Amino acid sequence: MYTQGLLNAGTDDFVEDDAFLAKFQARIDNEEKIEPNDDMPKAYRNTLIRQISQHAHSEIIGMLPEGNWISRSPTLRRKKILLAKVQDEGGHGLYLYAAAETLGISREEMIEQLLAGKAKYSSIFNYPTPSWADIGIIGWLVDGAAIMNQIPLCRCSYGPYARAMVRICKEESFHQRQGFDITQTLAKGSAVQKQMVQDSLNRWWWPVLMMFGPSDSDSTNSDQTMRWRIKRFTNDTLRQKFVDATVPQAEFLGLTIPDDRLKWNPNKNTGKNNMSGGYDFGAIDWDEFWRVVKGDGPMNRDRLKARSNAWDKGAWVREAALVHAQKSAKKSQAASQKAA
Ligand code: 3HC
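Here's a quick rundown of the structure. In this text, all values refer to a predicted model and were calculated from it rather than measured experimentally. (Residues numbered from 1 in each chain as written. Predicted model: local features only at pLDDT ≥ 70, side-chain atom pairs only at ≥ 80, totals over all residues. Heavy atoms only, no water.)

### Things to note about the site of the ligand
Part 1: Within the structure, the ligand sits among 33 residues, and Q54, E89, K120, S219 and K231 are positioned closest to it.
Part 2: Interatomic distance of 2.6 Å between a side-chain N/O atom of E89 and an oxygen atom of the ligand.
Part 3: In the environment of the ligand, a nitrogen atom lies 2.8 Å from a nitrogen or oxygen atom belonging to the backbone of S123.
Part 4: Here the ligand loses 91% of its free accessible area of 1000 Å² to cover by the protein chains.
Part 5: Sorting the residues of the shell around the ligand by element identifies α2 (42–61), α6 (133–150), α7 (159–187) and α11 (286–293) as the ones contributing at least two each.
Part 6: By residue number, the principal contributor to the shell around the ligand is α2, which donates 6 residues.
Part 7: Looking at side-chain class alone, the shell around the ligand contains 12 nonpolar, 14 polar and 7 charged residues. (Near = heavy atom within 4 Å. Polar contact = N/O pair within 3.5 Å; in protein donor to acceptor, adjacent residues only side chain to side chain. Areas by Shrake-Rupley, 256 points an atom, 1.4 Å probe, with all protein chains shown as cover. Helix = DSSP H or I, 4+ residues; strand = E, 2+ residues; numbered from the N terminus. Nonpolar A, V, L, I, M, F, W, Y, C, P; charged D, E, K, R; others polar.)

Okay, here's the thing in structure tokens:
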């Protein structure tokens, strides 16, 4: 997408002294977008490569739990919608890998890091989808949490990432609505359907809260990424916003959030301008979070195996595309020589 002509990005030859850093920070504070050919601190570049590539990996790994239900969707309409949604996630991966490539890393390198287990991707995709209700709950809650986290990324200081996020967020909001629609259909359906969707909510609620990342006191990257305006809100702020937005939706659906300590607190300071109050909620099991992040969640091994198989099976497509590109380049070179 953006990467032609940027193959030497990352080899900047400039002095990263205090004057340069102050000037760079002033551009950020002035809300200027940083573009691929601009000089940037190495740490800024590396942070973006880390975050954007993790994000891209999350999108393509995220195709797997829902892909599991394409062949078993309950109606043709639901199947068409799910197919389109899973395809969208592949597209999001594509925009994000392309945005990361503008920073001087190749797609092959990023995929290698993922398949070798060296790169992180979102913890949420390491949970199984044993029932159709999970497809509703993923759309409603996982995509809902993703939107809460990703809307501010549309204003991220790095141009290619910010622009990719605009389209991604539009598509995510469709995903969230289709998930709410499935959830609502089940919640208003038979007793068995209602129980199925409640069971699914019970399994996904806490992992969804973990998606926002460790609490602010344990978030190693937030301070710097917020100074660089890559992130605009802390993990805890976004988690609180998500809980506050979601509880009334669950009440409307007649579903129970599995948290005995969930309670409206009119005096809670959630940092929102001119508004006070927010939900208190129970403690997140951070041991579970770190176990999953470190590769020991219920589906980590299956997810990486599936991606690894897809990479191997796609080798012939990559080879064919390369040969085709080489042939086309030769043809157009010959044509321009003839014309000269
Ligand atoms: N899963 C796995 N690792 C996580 C994590 C999660 N849910 N949350 C945090 N971590 C990791 C971080 O990557 C970091 O590790 P690293 O330094 O080795 O990279 C470590 O835990 C400490 O966390 P920090 O809070 O310091 O990390 P960040 O400042 O990077 O914040 C983040 C984490 C909020 C996820 C941020 O990176 C972010 O906003 N990323 C972009 C959005 C994204 O990647 N979302 C993933 C879901 S995509 C999705 O849901 C697809 C949709 O189709 C459903």
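### Regarding helix α5 (residues 107–115)
Part 1: Those residues of α5 lying buried are M110, I111 and L114. The arc that holds every buried residue of α5, seen down its axis, measures 95°, which confines them to one face.
Part 2: Turning to α5, the residues buried within the fold contact α2, α4 (76–101) and α12 (300–313). (Buried < 20%, exposed > 50% of the residue type's maximum accessible area, 1.4 Å probe, protein only. Arc of directions from axis to C-beta. Contact = heavy atoms within 4.5 Å.)

### Focus on the pattern of salt bridges
Part 1: Per the stated rule, a full pass over the model turns up 16 salt bridges.
Part 2: Between E101 and R107 there is a salt bridge, with the nearest N and O atoms lying 3.0 Å from each other.
Part 3: The class for E101 is buried, based on a relative accessible area of 17%.
Part 4: D280 serves as the salt-bridge partner of K268, at 3.1 Å between the closest nitrogen and oxygen. Taken as a pair, K268 in the loop between β1 (263–265) and β2 (278–280) and D280 in strand β2 lie far apart in primary sequence, 12 residues in all.
Part 5: The exposure class assigned to K268 is buried, which follows from its relative accessible area of 19%.
Part 6: A network of salt bridges, in which partner residues are shared, links D29, E31, R229 and R232. (Salt bridge = Lys/Arg side-chain N within 4 Å of Asp/Glu carboxyl O.)

### Notes on empty space enclosed by the protein
Part 1: One pass over the structure, following the stated rule, counts 1 cavity of 30 Å³ or more.
Part 2: Of the pockets and cavities examined, the largest cavity occupies roughly 30 Å³.
Part 3: Lining the largest cavity are I28, E31, E32, K33, R155, S157, R229 and R232. (1 Å grid on protein atoms, 1.4 Å probe; cavity = no way out; pocket = protein on both sides within 12 Å on 5 of 7 lines; lining within 4 Å. Points joined across faces, edges and corners; volume = space filled by probe spheres on them.)

### What about the packing of aromatic side chains?
Part 1: All chains considered together, the criterion is met by 12 aromatic pairs.
Part 2: An angle of 70° between the planes, with centres 4.9 Å apart, marks the rings of F24 and Y44 as edge-to-face. Of this pair, F24 sits in helix α1 (residues 18–29) while Y44 sits in helix α2, and the two are 20 residues apart along the sequence.
Part 3: Classification of F24 by relative accessible area gives buried; the value is 4%.
Part 4: The class of Y44 is buried, set by a relative accessible area of 0%.
Part 5: Pairwise contacts between aromatic rings join F20, F24, Y44 and W228 into one cluster.
Part 6: The side chain of K241 reaches across the aromatic face of F233, ending 4.7 Å from its centre. (Phe/Tyr/Trp six-rings, centres within 6.5 Å; stacked < 30°, edge-to-face > 60°. Lys NZ or Arg CZ within 6 Å of the ring centre and 35° of its normal.)

### Considerations on the side chain of E59
Part 1: With respect to the element layout, E59 can be found in helix α2.
Part 2: No salt bridge is formed by the buried E59, whose closest oppositely charged neighbour, K85, lies at an N-O distance of 8.0 Å. (Lys, Arg positive; Asp, Glu negative; His and termini not counted.)

### Quick word on the nonpolar core
Side chains of nonpolar character tend, in soluble globular proteins, to be buried together.
Part 1: Judged by nonpolar contacts, the single largest core of 75 residues is most densely connected at Y44, I52, W140, Y158 and Y161.
Part 2: Here this core gets 10 residues from one element, more than from any other, and that element is α7.
Part 3: In contact with Y158, other than residues within four places in its own chain, are K33, I34, E35, P36, M40, Y44, L48, I52, A99, T102 and L103. (Core = buried A, V, L, I, M, F, W, Y, C linked by side-chain atoms within 4.5 Å.)

### Here we look at the packing of α6 against helix α8 (residues 191–210)
Part 1: Where α6 meets α8, the closest approach of the two axes is 9 Å, and the angle between their N-to-C directions is 30°. It follows from the interaxial angle that α6 and α8 lie roughly parallel. Crossing hand, α6 versus α8: right-handed. Contacts between α6 and α8 involve A133, D134, I137, I138, W140, L141, V142 and A145 from the former and M196, V197, S200, L201, R203, W204, W205 and V208 from the latter.
Part 2: Looking at side-chain class alone, the contact of α6 with α8 contains 13 nonpolar, 1 polar and 2 charged residues. (Axes fitted to C-alpha atoms, helices over the stretch in contact; angles between N-to-C directions. Parallel < 35°, antiparallel > 145°, perpendicular 65-115°, else oblique. Left-handed = near helix turned anticlockwise from the far one by under 90°.)

### Structural notes on the packing of α2 against α5
Part 1: The contact between α2 and α5 brings their axes to 11 Å, and the two run at 65°. Regarding the angle of α2 to α5, the classification is roughly perpendicular. For the element pair α2 and α5, the recorded crossing hand is right-handed. The segment α2 lies against α5, with S53, H57, I60 and I61 engaging M110, I111 and L114.

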